[in-house]
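# Coordinate inspection notes
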Amino acid sequence: MPSSNQDLAYLPIDHSLIGEWIVVASTEEFKDKSSVTTRLDRQALTLDKLDQYYQIRFLSSEMQDVPVQTQEAYGFIWLCIGTPNKALFTLEEYDHPQARLVPCGAYGVRTSPLRAVENFLDMAHFPYVHTNILGAEPLTAVKPYQVEHRQNVDELWATECVFTQPLAAPNSQEPQETEYIYRVLSPLNVLLYKINTAASGVIPADVICLFIQPLGETQIRAHLLMVLDDQNSHMTDMVLFQQKIFTQDKPILENHVPLKLPLAARIEIPTRADAMATAYRKWLVDKHWTYGSDLQKEVLA
Ligand SMILES: [Fe+2]
């Protein structure tokens, strides 16, 4: 058994992914079967549902003895190769008995995992990509907001984010100023809190989560989960709402040039509206994270 994650450099899994908690399936996928085959960074793996836990088997001979931990949380199966860099994040709203748990499925997208996270953090695209839903012209300005690195949990938070939205949620009756809080949990996992003024207040805010399963550096499965304070909408309508939003994002993500996130140089000039994206990129560079970016891991070694 290797003594540290450094000793796992021989594995055919990118070094950035070692020690990270990564979603590889949702529990929904096991509704009518006990085994699921999927991929992580080009490596095929099978998940078998046993009585008390999920067993993971990588199919390649090079991955046979890999130290891997698994856990089920928030409706997903997570794995971590090697020693976890930190514990899995906490999401208290998920356990609230009256919160509506809305798994929205997984979407295959030809993009970098980092592009998908950065797009999720970007309010500036609302009026142009989610026109008349999450934004509308002429109200296109992103107002200043606060960004902080919470070092005790190594998460990035953006607070005081406000945007005027025509249709903020499936049960919205009229346009509203919507307040967001963004939370980058780890390089591949992000969520936002959306203060839903139309809600009854059983949880402080709706929660929308994006968990990235990297199939390769420019191919992902994007797993979406919503935890909503909505006692009335049909499950189908809530899922369709989120599907509509995500299918608007997908072609944008797939047409980025380059597909990988530029971290090596300031190729894309940040603006004040990009404060969270800028913090995310800097945080990745500080971690020596290269996967899905234009950085070469040899340069950082
Ligand atoms: Fe979007």
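Residues numbered from 1 in each chain as written. Predicted model: local features only at pLDDT ≥ 70, side-chain atom pairs only at ≥ 80, totals over all residues.

### What to know about the overall build of the chain
What the chain contains, in helices and strands, is five helices and 13 strands. Relative to its length of 301 residues, the chain is compact, with a C-alpha radius of gyration of 19 Å against a globular reference of 19 Å. With respect to the three principal axes, the spread of C-alpha positions in the chain is 55 × 50 × 35 Å. Burial statistics for the chain: of 301 residues in total, 38% are counted as buried. Long-range pairs, those at least 24 residues apart, make up 60% of the contacts in the chain with a sequence separation of at least 6. (Helix = DSSP H or I, 4+ residues; strand = E, 2+ residues; numbered from the N terminus. Rg over C-alpha atoms; globule rule 2.2 N^0.38 Å. Buried ≥ 20, exposed ≤ 12 C-beta atoms within 10 Å, placed from the backbone. Contact = placed C-beta atoms within 7 Å.)

### A closer look at the domain arrangement of the chain
Taken domain by domain, the chain holds domain 1 (5–88) and domain 2 (92–286). Taking the mean C-alpha position of each, domain 1 and domain 2 sit 25 Å from one another. Those elements that place two or more of their residues in the side of domain 1 that touches domain 2 are strand 1 (22–26) and strand 2 (35–40). Along the lines of polarity and charge, the residues of the side of domain 1 that touches domain 2 split into eight nonpolar, two polar and six charged. (Domains from an automatic or database assignment. Nonpolar A, V, L, I, M, F, W, Y, C, P; charged D, E, K, R; others polar.)

### A word on the nonpolar core
Grouped together as the largest cluster of nonpolar side chains are 73 residues, with contacts concentrated most on Ile22, Val24, Ala116, Val117 and Leu210. Mapped onto the domain boundaries, this core takes at least three residues apiece from domain 1 (5–88) and domain 2 (92–286). In this structure Val24 touches Thr38, Leu40, Leu45, Leu47, Ile77, Leu79 and Gln213, once residues within four positions along its chain are discounted. (Core = buried A, V, L, I, M, F, W, Y, C linked by C-beta atoms within 7 Å.)

### A look at helix 3 (residues 235–254)
In a regular helix each residue adds 1.5 Å, so 20 residues correspond to 28 Å; helix 3 covers 28 Å between its end C-alpha atoms and thus fits that length. The inward-facing, buried residues of helix 3 contact strand 7 (100–109), helix 1 (113–120) and helix 2 (126–129). (Expected span 1.5 Å × (residues − 1).)

### What about unusual backbone geometry?
Look at the link from Glu137 to Pro138: it is a cis peptide, with omega at 5°. Within the secondary structure layout, Pro138 lies in the loop between helix 2 and strand 8 (146–150). The amide bond that connects Val257 to the next residue, Pro258, takes the cis arrangement and shows omega of -5°. As for its position among the elements, Pro258 is in the loop between helix 3 and helix 4 (275–286). The backbone of Arg42 sits at a positive phi, close to 70°, despite the residue not being glycine.

### A word on the packing of helix 1 against helix 3
Axes are the key here: two packed helices are described by the angle between their axes and the distance separating the axes. As a packed pair, helix 1 and helix 3 sit with axes 11 Å apart at the nearest point and diverge in direction by 130°. As the angle between them shows, helix 1 and helix 3 are arranged oblique. Between helix 1 and helix 3 lies a crossing of right-handed hand. Listed contacts from helix 3 to Arg115, Ala116 and Asn119 of helix 1 are Asp249, Ile252 and Leu253. Residues that form the contact of helix 1 with helix 3 fall into these classes: three nonpolar, one polar and two charged. (Axes fitted to C-alpha atoms, helices over the stretch in contact; angles between N-to-C directions. Parallel < 35°, antiparallel > 145°, perpendicular 65-115°, else oblique. Left-handed = near helix turned anticlockwise from the far one by under 90°.)

### Some words on the sheet that holds strand 2
In spatial order, the strands read 2-3-4; together these three strands make up an open sheet with antiparallel pairing. The outermost strands of the open sheet, each flanked by one partner alone, are strand 2 and strand 4 (54–58). Sheet twist, expressed as the average angle between the axes of neighbouring strands with direction ignored, equals 25°. Bridge count for strand 2 against strand 3 (residues 43–49) is six bridges, and the pairing is antiparallel. Within strand 3, the position partnered with Leu40 by the bridge is Gln43. (Pairing = 2+ DSSP bridges.)

### Looking at the environment of Ala99
Counting through the fold element by element, Ala99 comes out in the loop between strand 6 (76–81) and strand 7. Ala99 sits in the buried class, given 20 other C-beta atoms within 10 Å. Residues Ala99 and Gly201, 102 residues apart in the sequence, show an inter-C-alpha distance of 9.8 Å. Contacts of Ala99, omitting those with residues within four sequence positions, involve Glu93, Tyr94, Val202, Ile203, Val227, Leu228 and Asp229.

### Observations concerning the pairing of strand 3
Along any regular strand the residues' side chains alternate between the sheet's two faces. What sits between strand 2 and strand 3 in their antiparallel hairpin is a turn of two residues, with Asp41 showing a positive phi close to 45°. Taken together, the five bridges between strand 3 and strand 4 define a ladder with antiparallel strand orientation. Within strand 4, the position partnered with Lys49 by the bridge is Tyr54. Here strand 3 hands over to strand 4 after four residues, the two strands then running antiparallel side by side.

### Focus: the sheet that holds strand 11 (residues 189–195)
A sheet is described by the order of its strands in space; here seven strands give the open sequence 7-13-12-11-10-9-8, paired in antiparallel fashion. In this open sheet, the two strands that pair with only one neighbour each are strand 7 and strand 8. Averaged over all pairs of adjacent strands, the angle between their axes in this sheet comes to 20°, without regard to strand direction. Where strand 12 (residues 206–216) and strand 13 (residues 219–228) come together, nine bridges link them in antiparallel fashion.

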